[in-house]
Amino acid sequence: MASEPPVIDIHTHIYPSSYISLLRSRTTVPYLLYPFEKGASPRLIILPSDDDSSLPPESRGRPIDPSYTDIGVKLKFMSNHHITASVISLANPWLDFLSPKEGPKWARMINDELEFTCSRDQGKLWAFATLPLSASPLDIVTEVDRLQTLPHIRGIILGTTGLGNGLDDPNLDSIWAALEEKQLPIFLHPHYGLPSSLYGPRASEYGHVLPLSLGFPMETTIAFTRMWLSGVFDRYPKLKLLIAHSGGTIPFLAGRIDSCVKHERHFPEHSNEYGEKSRGPERSLDRVLFDNIWLDAVVYSETGVRAAVDKVSYKKVLFGTDHPFFPPLEGGAEKWASVETNFDAVTGGQDNAGSRAILGGNAIELLGLEINPGEAENSPVEGL
Ligand code: 5CU
Ligand code: ZN
């Protein structure tokens, strides 16, 4: 039987047991709250707004059930959805909140645990490591160097705050240099959203809808745009950046961003690579999108996938599920509607070559994954 094209999930999260023990040891956000009710899942108090002692413990934060912590549950989810391999990453808020001294120790522990987890399921599991961003740039670079000894680590996941001042901070240069030199892709992922004041006095009526649907994508859009504006991609032209949620709104807003830069008198004028006079970063936004940027396909619509493909090409868009977030609304369903929506958004709007590339081929190429041939059987991609 000919093996089917592989399906690779590059956006799938976990809280390893070392991270759970870290959260459990804390009493300030983020921390884990253990309700009194027997058998109830602990609750992650992840945002300051979750830390509301006027609410009963079972209504604070979000429940952390085994889908967040148990790799067996993830493997079952993969099998239910015919996913050949997954690139797991620590879920937010990573290690941003630790003291400079604590960060490196926890990063080593978590990355070692991710490596160990992946090594037990050869070919099925790979990982994005986490960096101790509250530590000194030297300590962070030391961890980047150490990742070379962990064969299942194929990149790093990064939030938008950097060392505390965002990703246009020149103090990040030694870290970009190390990631570029090692050709370790960066998976840029949001956590903080936008200031909650933007959601207005009725925000609580809308729950997490505004922060997740709009805050997350705008956070990512702004973080990447600041990187580009500050010349990160001019100084590190071989950096590889994979942006979550199809780049937030970057594919849709790229033209407007470009136009605003050209009209901004503040930037020095220079000749760009086409010999045209332009202002702003030396490498144009389109050039950087084409050379340095990969986008996931976690956008829940064909329109979104088409926009991503249009900006970075079908060879640089990668399938993901965001497991364990966006679970089925009816508990216990084996097939997740959110996964099927993202899957159909890829296969519905692309030809066979495009779908194959987005569903698996691009991840294999970008991350150098070695997939067991047998693992690729039973793909749901009929006719590909
Ligand atoms: O949509 C997402 O990617 C997520 C995530 O990763 N973490 C989270 O807390 N909510 C949504
Ligand atoms: Zn995510």
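Each chain has its residues counted from 1, following the order in which its sequence is written. As they are written, the chains are lettered A onward and the ligands numbered 1 onward, keeping that order. pLDDT decides what is reported in this predicted model: residues at 70 or higher carry local features, side-chain atom pairs at 80 or more are listed and counted, and totals for whole chains, interfaces and linings draw on all residues regardless. Computation of side-chain values: all heavy atoms of the structure, hydrogens and water removed.

J.: Please explain the overall build of the protein chain as it appears in this structure.
T.: In terms of helices and strands, the protein chain carries 13 helices and 13 strands. C-alpha atoms define the radius of gyration, and 2.2 Å times the number of residues to the power 0.38 defines the globule rule. For the protein chain, the C-alpha radius of gyration of 21 Å lies close to 21 Å, the compact-globule estimate for 384 residues. Counting only C-alpha atoms and orienting by the principal axes, one finds that the protein chain spans roughly 70 × 55 × 45 Å. Only protein chains enter the area calculation, which uses a 1.4 Å probe; residues under 20% of their type maximum are buried, those over 50% are exposed, and those in between are partly exposed. Within the protein chain, the proportion of its 384 residues that are buried is 52%. Numbering goes from the N terminus for both helices and strands, where a helix is a DSSP run of H or I of at least four residues and a strand is a run of E of at least two.

J.: It is not clear to me how the sheet that holds strand 8 (residues 186-188) should be interpreted in this structure. Could you clarify?
T.: Sheets are built from strands that pair by backbone hydrogen bonding, the pairs being arranged parallel or antiparallel. When DSSP finds at least two bridges between two strands, those strands are taken to pair. Reading across from one edge, 1-5-6-7-8-9-12-13 is the order of the eight strands in this open sheet, with parallel pairing throughout. In this open sheet, the two strands that pair with only one neighbour each are strand 1 (8-14) and strand 13 (317-318). In what follows, a contact means two residues having at least one pair of non-hydrogen atoms within 4.5 Å. The axes used here are C-alpha line fits, helices contributing only the stretch in contact, and every angle between their N-to-C directions lies in the interval 0 to 180 degrees. Contacting strand 8, strand 9 (241-243) and strand 12 (293-296), helix 7 (residues 209-229) crosses the sheet at an angle of about 160 degrees to strand 9.

J.: Which parts of the structure should I look at to understand the site of ligand 1?
T.: We call a residue near a molecule or strand when any one of its heavy atoms sits within 4 Å of it. As a structural note, the neighbourhood of ligand 1 is formed by His11, His13, Arg62, Asn92, His189, Leu212, Phe216, His245, Asp322, Phe325 and Phe326. Here a polar contact is recorded for every N or O atom pair within 3.5 Å, except that within protein the pair must consist of a potential hydrogen donor and a potential acceptor, and residues adjacent in sequence are included only if both atoms are side-chain atoms. In this structure, His11 approaches ligand 1 through a side-chain N or O atom, which is 3.4 Å from an oxygen atom. One nitrogen or oxygen atom from the side chain of Arg62 is found 2.7 Å from an oxygen atom belonging to ligand 1. Its residues assigned to classes, the shell around ligand 1 shows four nonpolar, five polar and two charged. When residue character is reported, Ala, Val, Leu, Ile, Met, Phe, Trp, Tyr, Cys and Pro are called nonpolar, Asp, Glu, Lys and Arg charged, and the others, Gly included, polar.

J.: Even after reading the chapter, I still don't get the coordination of the zinc ion (ligand 2), so can you show me in this structure?
T.: The reference angle at a metal is 109.5 degrees if four donors form a tetrahedron and 90 or 180 degrees if six donors form an octahedron. Only N, O and S atoms count as donors, using a 2.8 Å cut-off from the metal and 3.2 Å for Na, K and Ca, and because water is excluded some sites may appear unfinished. Binding of the zinc ion (ligand 2) to the protein goes through His11 (NE2), His13 (NE2), His189 (NE2) and Asp322 (OD), at separations of 2.1 to 2.5 Å. Here the metal geometry follows the donor angles, with tetrahedral for four donors whose angles all fall between 85 and 135 degrees, square planar for four and octahedral for six when opposite donors are more than 155 degrees apart and every other angle is between 65 and 115, and irregular for all the rest. The site at the zinc ion (ligand 2) holds six donor atoms, and with the angles between them running 71 to 177 degrees, its shape is octahedral. Sequence positions of the donors to the zinc ion (ligand 2) reduce to the motif H-x1-H-x175-H-x132-D. Here the residue His189 occupies a position in the loop between strand 8 and helix 7, and Asp322 occupies one in the loop between strand 13 and helix 12 (337-349), the gap between them amounting to 133 residues. Considered together, His189 and Asp322 belong to a single accessibility category, that of buried residues.

J.: Help me understand helix 11 (residues 302-312), please; the structure alone is not making it clear to me.
T.: An α-helical turn contains 3.6 residues, so any two residues separated by three or four positions project in the same direction. Every buried residue belonging to helix 11 is among Gly304, Val305, Ala308, Val309 and Val312, and all of these are buried. Buried residues of helix 11 fall within an arc of 135 degrees about the axis and therefore sit on the same side. Those residues of helix 11 that are exposed and angled more than 90 degrees off the buried face are Thr303 and Asp310. Of the surrounding elements, those touching the buried residues of helix 11 are helix 9 (250-262), helix 10 (285-292), strand 12, strand 13, helix 12 and helix 13 (352-367). Each direction from the helix axis to a C-beta atom contributes to the arc, which is the arc of those directions.

J.: I keep staring at the pairing of strand 1 and nothing clicks. Help me out?
T.: Residues in a regular strand point their side chains to alternate faces of the sheet. Where burial is concerned, most of strand 1 is hidden: seven out of the seven residues are buried. Pairing geometry for strand 1 and strand 5 (residues 85-90), over five bridges, is parallel. For Ile8, the partnering residue across the bridge sits in strand 5 and is Ala85.

J.: Could you clarify how one ought to interpret the environment of Phe319 in this entry?
T.: Note that Phe319 resides in the loop between strand 13 and helix 12. The spatial distance from the C-alpha of Phe319 to the C-alpha of Val7 is 7.8 Å, given a sequence separation of 312 residues. The residues contacting Phe319, other than those within four sequence positions of it, are Val7, Ile8, Asp9, Ile10, His11, Ala297, Val339, Asn342, Phe343, Ile358 and Leu359.

J.: Help me understand the nonpolar core in this model?
T.: Soluble globular proteins: nonpolar side chains tend toward being buried together. Take the buried residues of types Ala, Val, Leu, Ile, Met, Phe, Trp, Tyr and Cys, join any two whose side-chain atoms come within 4.5 Å, and each joined set is a nonpolar core. Grouped together as the largest cluster of nonpolar side chains are 101 residues, with contacts concentrated most on Tyr15, Trp176, Phe224 and Ile293. In contact with Trp176, other than residues within four places in its own chain, are Leu158, Leu167, Ile186, Met227, Val232, Tyr236 and Leu239.

J.: Mind showing me how you'd approach the packing of helix 12 against helix 13 here?
T.: Two numbers describe a pair of packed helices, the interaxial angle and the distance between the axes. One way to put it is that helix 12 packs onto helix 13 with a least axis distance of 7 Å and a crossing angle of 145 degrees. Contacts from Phe343, Val346 and Thr347 of helix 12 reach helix 13 at Ser355, Ile358 and Leu359. Per-class residue counts for the contact of helix 12 with helix 13 are four nonpolar, two polar and no charged.

J.: Would you explain the packing of helix 5 (residues 137-146) against helix 6 (residues 173-182) in this entry?
T.: Put simply, helix 5 and helix 6 touch, their axes get as near as 9 Å, and they point 10 degrees apart. Classified by the interaxial angle, the pair formed by helix 5 and helix 6 is roughly parallel. Where helix 5 approaches helix 6, its residues Pro137, Ile140, Val141, Val144 and Asp145 are matched on the opposing element by Ser174, Ile175, Ala178, Leu179 and Lys182. Of the residues that constitute the contact of helix 5 with helix 6, the class distribution is seven nonpolar, one polar and two charged. Angles are sorted into four bins: roughly parallel if under 35 degrees, roughly antiparallel if over 145, roughly perpendicular if 65 to 115, and oblique for all others.

J.: Explain the sheet that holds strand 2 (residues 31-33) here, please?
T.: Strand order in the open sheet formed by three strands is 2-3-4, and the pairing between neighbours is antiparallel. Because the sheet does not close on itself, it has two edges, and the strands there are strand 2 and strand 4 (62-63). Here strand 3 (residues 43-45) runs beside strand 4; their pairing, made up of two bridges, is antiparallel. Across the sheet, Arg43 pairs through a bridge with Pro63, a residue of strand 4.

J.: Where do I start with the UniProt feature "domain: Amidohydrolase-related" (unreviewed entry) in the protein chain in this structure?
T.: UniProt positions are given in the numbering used here, feature names are shortened, and annotations may be inferred rather than shown by experiment. According to UniProt, the "domain: Amidohydrolase-related" (unreviewed entry) feature falls on residues 8-369. Spanning residues 8-369, this segment combines 41% helix with 14% strand, and its end C-alpha atoms are found 10 Å apart.

J.: Mind showing me how you'd approach the packing of aromatic side chains here?
T.: Any two aromatic rings considered together are summarised by their centre-to-centre distance and by the angle between their planes. Ring pairs are drawn from Phe, Tyr and Trp, using the six-membered ring of Trp, whenever the two centres fall within 6.5 Å, and their geometry is named by plane angle: stacked under 30 degrees, edge-to-face over 60, tilted for the rest. For the structure on display, the rule yields eight aromatic pairs. Ring centres of Phe77 and Trp336 lie 4.9 Å apart, and the angle between their planes is 70 degrees; this geometry places the pair in the edge-to-face category. Residue Phe77 is found in helix 3 (residues 71-80), and its partner Trp336 is found in the loop between strand 13 and helix 12; the two are separated by 259 residues along the sequence. Trp336 carries the same exposure label as Phe77, and that label is buried. The structure contains a cluster of three or more aromatic residues connected by ring pairs, namely Tyr15, Tyr19, Tyr68 and Phe325. For a Lys NZ or an Arg CZ to count as sitting over a ring, it must be within 6 Å of the ring centre and within 35 degrees of the ring normal. A cation sits over an aromatic face here: Arg24 above Tyr34, 4.4 Å from the ring centre.

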